[in-house]
Amino acid sequence: MNRPSAYFVLPRPIGDRSLWSLLLCLVPLWAQGQADGSVQVSDPVVPYVVEVNLGDLPTVPDWQPGDPIREVPRWQDPTRRPPVPAEESVDPLAARQTAASFLRDPSFSEPLLNFDGQNFSGRTPPDPIGAVGLNYYLQAVNSSTTSVMVYDKSSGNRVAGPIALSNFSVCSGGGDPTVLFDPLNQRWILAEFGTANSLCVLISQSADPIGDPTQTWYAYNFQTPNKPDYFKIGIWNDAFYVTSNELGGSPVYVLEREAMLQGQPARMLRLEAPDLAGFPFQLLMPAGVDGSNPPPPGSPGILMRHKDAQAHGGTTDQLELFFCYTDFDQPNNTFLVGPVAVPISPFSSDLCGFESLNCFPQPSAHVFLDPLREPLMHRLVYRNFTTHEAVLGNFTVDVDGTDRGGIRWFELRRGGNEPWTLYQEGTYTAEDRTNRWVGSAAFDGSGNIALGANVVGPTTYPGLRYIGRLADDPTGTLQRGEHTLIEGTAAANNNRFGDYSAMTIDPVDDCTFWFTGQYNREGRWSTRIGALRFASCGCASPSPTNVLAQPGSEDNEILVSWDPVPNSQGYDLYRTIGACGTSGYRLIAENHQDPQFLDQTASSRVQYAYTVVSRDATLLCPSPPSACASAETTGRCLVPPELEVPPSAVTPGRFTCRVDLSWEAAFTFCTTPIRYSVHRGLTPDFDVTEENAIATCLEATTFSDETFYLDQTYYYKVMAEDAESTGDGGCNGGNVGNQAVSVSIQPLALEALFFDDIEQGTDNFTTESEQGWTLQGDTTSSGKAAWFAPNPDVSSDHALVLAPQRIPEDETIILRFQLYFFTDRTFDGLVLEYAIGESRQWFDILAGDGGLIPENPNRFLANGYSDRISAQADSPLAGRWAWTGVNFRFNETLVDLNDFRGQHVRFRWRMVTDPDTDRLGVFLDDIGITKPRRCGCIYPEQWPNQSILGFIPCLNALP
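All figures in this text were calculated on a predicted structure; none of them were measured in a lab. (Residues numbered from 1 in each chain as written. Predicted model: local features only at pLDDT ≥ 70, side-chain atom pairs only at ≥ 80, totals over all residues. Heavy atoms only, no water.)

*Asks:* Before we go on, may I ask you to explain the overall build of the protein in this structure?
*Replies:* Secondary structure assignment for the protein yields five helices and 65 strands. Looking at the protein residue by residue over its 959 residues, the buried ones come to 58%. The contacts in the protein between residues at least 6 apart in sequence include a share of 67% that link residues at least 24 apart. Accessible area of the protein: about 37100 Å², with a carbon and sulfur share of 49%. (Helix = DSSP H or I, 4+ residues; strand = E, 2+ residues; numbered from the N terminus. Buried < 20%, exposed > 50% of the residue type's maximum accessible area, 1.4 Å probe, protein only. Contact = heavy atoms within 4.5 Å. Areas by Shrake-Rupley, 256 points an atom, 1.4 Å probe, with all protein chains shown as cover.)

In C-alpha cells, the structure reads:
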C-alpha cells in the first residue's frame, strides 16, 4: 500500500462563545499492515479541541410539513446470498416464557420518569439512542445530521438542544448516532458516521456535558475504507471497539482509548472477521462495560453475533464470540481469536425470509415493518460482578413459525479464567399476535435485568414496553412485567423502524434503568424516554429460611411454614405445580403476617412447590425468594384442564362463508376424557354462559360455525372439562378450565369477478415474447400449474398480459395473485403495469396515466414492491420500484383497483433482467379480481323490510 501525504483542513466556527484551541486536524491515513495483512494501522489522528457550552449552541429547528424527508439507507452486500428457508418451527423457549407467572413488583411497574424525547426530524429511521450520566440524560436521533438533546435526569426537563452534532464536530454528519457514558472514566462519548467514509467521535473531558462556563471535547475524525454503516462502539479498559456493516468481511476497528481520553493523537487499527453466509446486512456487536468494575487486566475485547444454522450453514444454532487482543505498543501484534461457538437452543431468523425489510403487520395499514433479524441488538452489556463476569444480549427470532417476532435474550458467564458458557436464555413473547423486537437490555448492580422493546401487531400500533427479572428469579424467564412505557396510537408510514433502542444504567446508584426507543402517535415517528428500577436493587432484606411444606390435617390442604425473619413486615407466598426447580410460580398470599400458611386449595395427584419472599418495613425491599419446599396432599383432584394455546379461527376458503375453529388438546392431571364447549360473544372479554354456548360436550378439537349476522365480528372461547365427578361441569360433572383467551374473526367471503388458478392453461393470457413466461408444475401455490419467468445472466424483458377486464363500479375491487420471486436484488426484478382500453401505453401500477387514473403510492394493500432497481443497473427499470431480491415463498399480493372502476383494463407482469448474475426467477399463480361478499343473515330489526323467508335460517344464530 502506498501511503499518500497527510493534508490539513481548517476548522469552521460554531458560535460566538466557542473556542477552537487547536486549529489543525490531521486526517488519518492507513499505514502498512503487519506482514500477514491481518491488521491495518492508521496514522495518528490529531483531534480538534473544542471548548463550548452546549446550551449556547443554536438549536435544530423543528421539522415542518413541506420540509425534506429522507430515509437513511441500510447498506446490504449483494454478494451475500441467503438460502431458501426450510420448514418453519416453533421456538422451544417460547412456551416457558408464556407459562411463567408475573411476580409482584409494584416499584418496577411504574416508571420513575416517563416523557417524550425528540420527535420527527425528517429522517427515517430515527435510530434513537441515549445514555445516563451523573446529572444528565443525553438522547440522540437521526436528523439532517445527528440531533442531540440534554435532559435533567432528576426531572426529565430539557436543558439543552436539540443540537446538531456537526455544529461542534469535525466532519459533516451522516447519521447512525451513538451516545455512551464511560463509567470507568466518567466521560461522554458522542459519535456518528461522516458523509464521506469516516467515523466522527467526540469525547468530553469531564462528566458534565453542558459545561460551566464551557466543556472541553476532543473531536476525532477517523477515515474508514467504506461507510461504517450501523456502527456500534463498545467501551473496554484497553480500547474503544467499533464494528460496522461493510462490504466484504465484518470489520473490527480498535481506537486508542488512553490517548483519546487525554486528547492526544490516537491511532485506529482495523481487523476483519469472516462473514456469515446468509445475511446481506450484518456486523459483530462489541461488548461494553457497565458498572465501576473494569474487566480483569489483560482481558481481550469481546465481540459477538448469533448464527442460525438454517441461514448460514452448520448443524447447530449458536452464539459466536470473537476476542480481540490489542497491543498499541506493537500494533502489528493485535489479533482476533474466533469464532468460538457457544451452542444455544434452536431459533429461527426466518422472518419473512432472511432479507426482507417488510414483515410485521400494523393495524389498518399497508406498511409492514422491518424485523431487524440480522444484528445482535444494541447493547451487548458486560459486567464484572467480582464473583463472576457476565455478558447480556438479545436478538429477534420467529417464535412460532408464522413470522411473529419475539426476543431471544441470553446471559453468558465465566469465573476466573474459565471459558465463557451459557448461564441462561429465554424467548420474550406472549400468548397474543403481537411482535416484540428492537430490544435493549441491561443489568443493574444487583444482577437484575430490565429489557425494553417495541411491540406491534395486527391490533397493536407501534409502542414501547418493558419487562424484567430479579437475579434470583427462576432462570430463563422474565417474570417482572410486562409493563407499558407508551402505547402507540398510529401506524408507521415507513417500513424502516427504530433500527435500535437503548437501555442504560445510572452510574450513580447503579440501580435505575433508562430506556429510550421509537413509538408512533402519528404516521411519523416519535421517541420516548423512561426511568425505572427494582426496589430490591441495593437493598438487603434476608430471605426466609427453613421453609417446610407438608400435608395438612384435612384433604386438599398443605401447610407451609418457615422461620420468622427479624423486622419483616409481611410475607408473599408463591406456588407452582411441579417439583422444586419448576418455573411458573404464582402469588397465592400477599403481605401474609404469620410465618406459616395453610393452602386449602391444593389438589391431589399433584406435587406443589412453594417459595416465600419477605419484605422490610417499607414493603418496597423484597428479599430474594427463599429455598423451595414441596409436598403432595390427598383428596379430590381439583386442577382444571388447561388449554395451553389459544384456539385459532380461520375462514377455510376465499369463497366459503364459514369459520373453522381448532385448538390443541387440553392438558389435565385428573380423569379423562376431556370434553369441550365453544362459546361465542361480541366483545373480547365476554363472560362464558350456558346461553352463549354454540357447541357443548365435544370430543373433537375442531368445530365449524356457519350461522352469522352481517357485518359482525365474533369472539370465540373454548372451555375444557375433565371427567372428575366432583366438579360443576355440564358434561361429566368435572372440573372446568379457566376461560381461554378469546380469538376474533369477522366472517367474510369473496365474490370472484375473475379467477384463474392456471390449471386450465393459457387461455386468459398472452406473452409478448417466445422466450420468457412459460407454464410449469414443479413450484405452485395451488394445483399443478403456475407461470414462471427465469432470471438469466443476460438482458431480457418479458411480459405476461392478462386478457382485458372490466372493473365494475362496486366499492371494493381487489386484484390478487400469488407471487414467489428469487431475483438478483436491485438489478433484476418484476413490475406490474396497466393499460386502459386499447391503449398501447403502459404505466406502472402505482403511477397515474395523466388522465383517468390518478397516481396512488398506496395502491398495494399487501406484499407490494420490495425495493428499487439500482440506478446503475443496465435495465429499463433502473430507478423503479419492483419485486426484487427474495421473498422465499408464495405470498398473496393485493392491489386496490378502486381507481379503475368502470374502466376496461389490461394488466401485465413484466420481468426484466440485466446482463450480470443469474437467479431462479419468478413464479405467478392464482390470479383473481374479487369483491367482498358478506357472510350471514340480516339483523332482526331489518327483517320487516326483507323477506321473512330470508330471516328464518338465522333464528337460531343469536350470539
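*Asks:* Whenever I open this one, a negative patch on the surface confuses me. Can you help?
*Replies:* On the surface, Glu431, Glu642, Glu644 and Glu664 cluster together into a patch of negative charge. Structurally, the position occupied by glutamate 642 is in the loop between strand S43 (629-632) and strand S44 (648-650). (Patch = residues over 30% accessible without salt bridge, like charges linked within 9 Å, V, L, I, M, F, W, Y side chains within 5 Å. Salt bridge = Lys/Arg side-chain N within 4 Å of Asp/Glu carboxyl O. Lys, Arg positive; Asp, Glu negative; His and termini not counted. Charge placed at Lys NZ, Arg CZ, Asp CG, Glu CD.)

*Asks:* Looking at this structure, how should I read a nonpolar patch on the surface?
*Replies:* Together, Tyr325, Phe335, Val337 and Val340 give the surface a local cluster of nonpolar side chains, amounting to about 310 Å² of exposed area. Element by element, the count of residues in the nonpolar patch is highest for strand S25 (residues 335-343), at three residues. Summarising the element assignment, tyrosine 325 is placed in strand S24 (residues 318-325).

*Asks:* Sorry if this is basic, but what is going on with the pattern of salt bridges here?
*Replies:* When their charged atoms lie close together, side chains carrying opposite charge are able to pair. Applying the stated criterion across every chain, the model contains 40 salt bridges. Between arginine 436 and aspartate 432 there is a salt bridge; the shortest N-O distance is 2.9 Å. A salt bridge links arginine 880 to glutamate 833; the nearest nitrogen and oxygen atoms lie 3.1 Å apart. Here the residue arginine 880 occupies a position in the loop between strand S61 (867-868) and strand S62 (881-882), and glutamate 833 occupies one in strand S58 (residues 829-836), the gap between them amounting to 47 residues. Taking relative accessible area as the criterion, glutamate 833 reaches 2% and is therefore assigned buried. Three or more residues joined by partner-sharing salt bridges are found here, namely Asp400, Arg404, Asp432, Arg433, Arg436, Arg465 and Glu482.

*Asks:* Can you walk me through the packing of aromatic side chains in this structure?
*Replies:* Centre-to-centre distance and the angle between the planes together describe a pair of aromatic rings. Throughout the structure, instances matching the rule amount to 35 aromatic pairs. An aromatic cluster of at least three residues, connected via ring pairs, comprises Phe817, Phe860, Tyr865, Trp883 and Trp909. The ring of tyrosine 423 carries arginine 413 above its face, with NZ or CZ at 3.6 Å from the centroid. When the ring centre of phenylalanine 686 is taken as origin, the NZ or CZ atom of lysine 717, which lies over that ring, is 4.8 Å away. (Phe/Tyr/Trp six-rings, centres within 6.5 Å; stacked < 30°, edge-to-face > 60°. Lys NZ or Arg CZ within 6 Å of the ring centre and 35° of its normal.)

*Asks:* What is the right way to look at the state of the cysteines in this model?
*Replies:* Scanning the model with the defined rule gives five disulfides in all. Put simply, cysteine 511 and cysteine 537 are joined by a disulfide, and their sulfur atoms are 2.0 Å apart. Between cysteine 511 and cysteine 537 the sulfur-sulfur dihedral comes to about -80 degrees; the bridge is accordingly left-handed. Taken as a pair, cysteine 511 in the loop between strand S34 (502-505) and strand S35 (513-519) and cysteine 537 in the loop between strand S36 (526-532) and strand S37 (548-551) lie far apart in primary sequence, 26 residues in all. In this structure cysteine 511 comes out as buried when scored by relative accessible area, which is 5%. Judged by its relative accessible area of 5%, cysteine 537 is buried. (Disulfide = S-S within 2.5 Å.)

*Asks:* What exactly am I supposed to notice about the sheet that holds strand S38 (residues 558-561) here?
*Replies:* Pairing within the open sheet is antiparallel, and its three strands lie in the order S37-S38-S41. Each having just a single partner strand, S37 and strand S41 (596-599) make up the two edges of the open sheet. Within the sheet, the average angular offset between the axes of one strand and its neighbour, ignoring direction, is 15 degrees. (Pairing = 2+ DSSP bridges. Axes fitted to C-alpha atoms, helices over the stretch in contact; angles between N-to-C directions.)

*Asks:* Would you take a moment to explain the confidence of the model for the protein for this structure?
*Replies:* Atom-level detail of predicted coordinates should not be read off regions where pLDDT is low. For the protein, per-residue confidence averages 86 on the pLDDT scale, and residues scoring 70 or more make up 88% of the total. Contacts from residues 1-37, a stretch scored under 50 in pLDDT, to residues over four places away or in other chains number 97 contacts. For the stretch residues 938-959, pLDDT sits under 50, and the model shows 26 contacts to residues farther than four places along the chain or on other chains. (pLDDT = per-residue confidence, 0-100.)

*Asks:* What is the right way to read the sheet that holds strand S12 (residues 146-152) from this model?
*Replies:* Think of a sheet as strands paired side by side through backbone hydrogen bonds, with each pair either parallel or antiparallel. Here we have four strands laid out as an open sheet, ordered S10-S11-S12-S13, and antiparallel in their pairing. Looking at strand neighbours, the two that pair on one side only are strand S10 (129-132) and strand S13 (158-164), the edges of this open sheet. Going from strand to strand, the sheet's axes swing by 15 degrees on average, the running direction of each strand aside. Of the strand pairs in this sheet, S12 and S13 are connected by four bridges, and their pairing is antiparallel. Along S13, the bridge assignment pairs serine 147 with alanine 164.

*Asks:* Even after reading the chapter, I still don't get unusual backbone geometry, so can you show me in this structure?
*Replies:* Leaving glycine aside, a negative phi is the common case for residues, and trans is the common case for peptide bonds. The amide bond that connects glycine 161 to the next residue, proline 162, takes the cis arrangement and shows omega of 5 degrees. Tracing the backbone through its elements, the reader meets proline 162 in strand S13. Positive phi outside glycine occurs at aspartate 510, with the angle close to 55 degrees. In this fold, aspartate 510 is placed in the loop between S34 and S35.

*Asks:* Help me out: how do you make sense of the environment of serine 292 in this one?
*Replies:* Its location among the elements puts serine 292 in the loop between strand S22 (285-290) and strand S23 (301-307). A residue is classified by how much of its surface remains accessible, and serine 292, at 61% relative accessible area, is exposed. Taking the C-alpha atoms as reference points, serine 292 and proline 183, separated by 109 residues in sequence, lie 6.1 Å from one another.

*Asks:* Would you explain the pairing of strand S11 (residues 136-142) in this entry?
*Replies:* Side-chain direction in a regular strand flips from residue to residue, so the side chains alternate between the two faces of the sheet. Counting buried positions along S11 yields seven of seven residues, so the element is predominantly enclosed. Of the two faces of S11, the one carrying Tyr136, Leu138, Ala140 and Asn142 and the one carrying Tyr137, Gln139 and Val141 are both buried. Two strands pair when backbone bridges link them, and S11 and S12 are joined in this way by seven bridges, in the antiparallel orientation. The residue of S12 that forms the bridge with leucine 138 is valine 150. As consecutive antiparallel partners, S11 and S12 are separated by three residues.

*Asks:* I would appreciate a short explanation of the environment of aspartate 757 in the present structure.
*Replies:* Among the structural elements, aspartate 757 can be located in the loop between strand S51 (748-756) and strand S52 (765-767). Measuring from C-alpha to C-alpha, the distance between aspartate 757 and serine 781 comes to 9.0 Å, with 24 residues separating the pair along the chain. Excluding anything up to four places from it in sequence, aspartate 757 contacts Ala785, Asp925 and Asp926.

*Asks:* Could you clarify how one ought to interpret the side chain of serine 244 in this entry?
*Replies:* Position of serine 244 relative to the elements: it lies in strand S19 (residues 240-245). We classify serine 244 as buried; its relative accessible area is 1%. With sequence-adjacent residues up to four places away left out, serine 244 is seen in contact with Pro228, Asp229, Tyr230, Phe231, Pro251, Tyr253, Gln282 and Leu283.

*Asks:* So what exactly am I meant to see when it comes to the side chain of asparagine 520 here?
*Replies:* Counting through the fold element by element, asparagine 520 comes out in the loop between S35 and S36. The exposure class assigned to asparagine 520 is buried, which follows from its relative accessible area of 0%. Excluding its chain neighbours within four sequence positions, the residues that come into contact with asparagine 520 are Pro462, Gly488, Thr489, Ala490, Ala491, Ala492, Phe497 and Trp525.

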